[in-house]
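Here is how the chains run, residue by residue.
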Amino acid sequence: METVAGPEPANPTVEPGNGIAMPAMSTTTPPGPSTKKPAQKRKKPTASPQPPPGTDTSGAKSKAAIEHDGTGTALNGNEQQLQLPAGASPATHDNPAPSAKKQKKKQSEEGKETAGKKPKPNAKQVRFHIKLYSAPKQPAATTTAGIAKKKKAKQQQQQTATTVASDQHKQQQQQQQQHNGSEPTSKKSSKKNRASAKVNGAPVGLPPTSVVTPLKRPSQIKQEPKTPTRTSIAPGGGGGGASASGTALHELDSVTIGRQTFAWMIGPGTTVEDFMRNHWERKHLLVQRNDRSYYTGLLSRAMIDEMLRTNNIEYTKNIDITSYRDGQRETHNPDGRVLPPDLWHFYGTGCSVRMLNPQTYLRSVYELNVKLQEYFHCMTGANFYLTPPGSQGFAPHYDDIEAFVLQIEGRKRWRLYGPRTPAELLARVSSANLRQDELAGPPILDVVLEAGDLLYFPRGCIHQAATVPGAHSLHITVSMYQRNCWADLFEQMLPIALATAADEEPQLREGLPLDLHQHFGIVHSDGMSAERRRLTVRMRSMFDKLFSDAAIDAAVDQLAKRFQHDALPPLVDFGEWDDTVYGAGNYEFRPDGTVWCARPIDDRSSVRLLRRNILRLVSEEDKLRIYYHTDNSREYHQYEANFLELDHETALGVELLIKMYPRYVLVSSLPVEDRLEFIRSLWEKGLIVCRRPDADGPGAGPSTPSTTTA
């Protein structure tokens, strides 16, 4: 099968929807060496009391998976809205033209023959520096010291919050009694509470009663146009339905939704618990369902044909034409755009078709990947492989990802072989093409997959696949966990730990012994002198000083930061559409040319993060930043990583939203000074869901909308 370097995001435009603009901010290039062109600065007018709509969209990135017959790299491009499964959530991004930049691709030596580099477009955006407060800046934070300062500020805040939580609880209860008919799940904070941003100079903490789940009237939900529907690709797969517990699907934790999607993909005979305990990274799993329609909502040859006609799909960048005959793998890519007549001609002559990033153009595959990435918290990608009858497209090989083969159409024979050496077990790098005489004995599995079947095998498992006489094959390979092992974590942790320990431990700054070179090195490696043993013990004791919780925290943050750059952009659920920046009901366009904010954010609003993994708070370069993926493209790494810079007080507000997810928090209870500016900043980037108080409910007085003249 083929390896993919990762799903690629394109830059889908957000569905027409207006957000509340935040104050002017500067766009700069992210730190660190980069070969990318500098970002183009975007100028924004200073925000009025309720700024005009601002829609910011860039897709996410995701890394595609593999084929099971070669090596390639999955890209992501633009979304083409085709048929989607029934109940699927509405997309939040339109279909921009795909980027012409050459995608990073992990190919075998034979697979590199078609490589051709193209100029990379200017980055649409790189990073955003947002100054939320005019107060003097706090001292700069180091990677570990920043975390300590944030924790200290949090402790001070909690001490003050304890003294006022009880009073606030009583005040809110009294207010609720004054409003007949108000729902317990949509409590409004009292005017006194909304006015109290601080008590005794310290930010007010979050009282238990401030966590609410406001009700939303059906009349307030805008019905987004939907494409024709089929069977949902996963249980409760979107569309604003309800779960078995009665909770609206869009109110569930996004990790729970991802887990449900994964359970559907490998089920129904295998549970997630059984799979993770007995198969994950251990041995293959074969699911034979005798249900040819199980995966039909994901892909078909007709969907491929429509995708080629309505999008600018390119050879090498998006699609490879391959063959494997007489032990030789060949790639037959011409230049330029892939049009249906050429592709079906290649297919008719016995060539296989591999697409590296179907999630970029096919809504159904994108929805599957974007939900799975929440559960696995890593890049989740996909390739599809179309093989004519009686042929094979790729040489035997192994990959560096966990592979799930979803058989869509036809039949295909799969043969799996165990690793030949311990180094190939859970391989971190994909292999080159292998010859038949290089395989490790007889196959450990030899099976023909029928439509509706699934086959899983861990990274490092050698595999080859071929169609059987009289039957074609169309399958999708879903991949994950590339560069996501303990070694990858330690590669991040050790430099951080060493730098911190060297500052704190004078012993690590002592000079090397004069005779070190006489006891170590390849010449002395076969000896064990007393001095060599003594120095070895001393070095091991110094290594013990490197271990620290702060270094582990910082390293995990770096892996999570990488995920924010790799991830596909979020798919906004139908039920939460109007409560995000992507909804179309936020502004009213009047005949006199003014634009009125129809749904302003105020202290009575309640908010939560759009997804559990939508952002990551990181301390680095003496600054606190939140990295996020709402501005990503669905073409892999089309843009630089996106982040916002915060001060320590604002970071406490972000931390509160992270820990309270998926519950809502009243804006009036956020432990930051300028709460509205803070929320509008997150709102504009598409990071939060904001529920406004019912305009017809008690205590909902007339709002003063902001206007913008043409």
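Refer to the preceding data block for the structure.
Here the structure is a predicted model, which means the values were calculated and not measured. Residue numbers run consecutively from 1 along every chain, following the written order of its sequence. Only residues with pLDDT of at least 70 are given local features in this predicted model, and only at 80 or more are side-chain atom pairs given and counted; all residues enter the totals for whole chains, interfaces and linings. Note that the side-chain values use all heavy atoms of the structure and ignore hydrogens as well as water.

Undergrad: Please provide a residue-by-residue account of the overall build of the chain, values included.
TA: A tally of helices and strands in the chain yields 12 helices and 25 strands. In this description, contact between two residues means that some pair of their heavy atoms is separated by no more than 4.5 Å. In the chain, 84% of the contacts between residues at least 6 apart in sequence involve partners at least 24 apart. With an accessible surface of roughly 29100 Å², the chain has 54% of that area assigned to carbon and sulfur atoms. Strands are runs of DSSP state E lasting at least two residues, helices are runs of H or I lasting at least four, and both sets are numbered from the N terminus onward. The method behind every accessible area is Shrake-Rupley, applied with a 1.4 Å probe, and residues are considered shielded solely by the protein chains displayed.

Undergrad: Any chance you could break down the pairing of strand 11 (residues 352-355) for me, citing the residues and the numbers?
TA: A regular strand carries its side chains on alternate faces of the sheet. Think of it in three bands: with a 1.4 Å probe and only protein chains considered, a residue is buried below 20% of the maximum accessible area for its type, exposed above 50%, and partly exposed in between. Of the two faces of strand 11, the one holding Ser-352 and Arg-354 and the one holding Val-353 and Met-355 are both buried throughout. In this description, strands pair whenever DSSP reports at least two bridges between them. Sheet analysis places strand 9 (residues 319-325) next to strand 11, joined by four bridges and oriented antiparallel. Across the sheet, the residue bridging to Thr-322 is Ser-352, located in strand 11. When strand 11 meets strand 12 (residues 381-387), the two strands line up antiparallel, connected through three bridges. For Met-355, the partnering residue across the bridge sits in strand 12 and is Phe-384.

Undergrad: Tell me what's going on with the pairing of strand 20 (residues 606-609), and back it up with residues and numbers.
TA: Bridge analysis of strand 20 against strand 24 (residues 664-666) gives two bridges, and the strand direction is antiparallel. When the sheet's bridge partners are listed, Ser-606 is paired in strand 24 with Leu-666. Here four bridges tie strand 20 to strand 25 (residues 688-691), and the two strands are oriented antiparallel to one another. Looking at strand 25, one finds that Ser-606 is bridged to Arg-691.

Undergrad: Report on the packing of aromatic side chains, specifying residues and quantitative values.
TA: The rule is short: rings of Phe, Tyr and Trp, with Trp giving its six-membered ring, pair when the centres are within 6.5 Å, and they are stacked under 30 degrees, edge-to-face over 60, tilted in between. Counted by the stated rule, this structure contains 22 aromatic pairs. Ring geometry for Phe-275 and Tyr-456: centres 4.9 Å apart, planes at 75 degrees, overall edge-to-face. Note that Phe-275 is positioned in helix 4 (residues 272-278) and Tyr-456 in strand 15 (residues 454-457), a separation of 181 residues in sequence. Both residues of the pair, Phe-275 and Tyr-456, count as buried. For the pair Tyr-627 and Phe-643, a centre-to-centre distance of 5.0 Å together with 45 degrees between the ring planes defines the contact as tilted. Of the two residues, Tyr-627 is situated in strand 22 (residues 623-628) and Phe-643 in strand 23 (residues 642-646); the sequence distance between them amounts to 16 residues. Take Phe-643: its relative accessible area is 0%, and that puts it in the buried class. The rings of Phe-262, Phe-275, Trp-280, Tyr-375, Phe-376, Phe-404, Tyr-456 and Tyr-481 are connected pair by pair, giving a single aromatic cluster.

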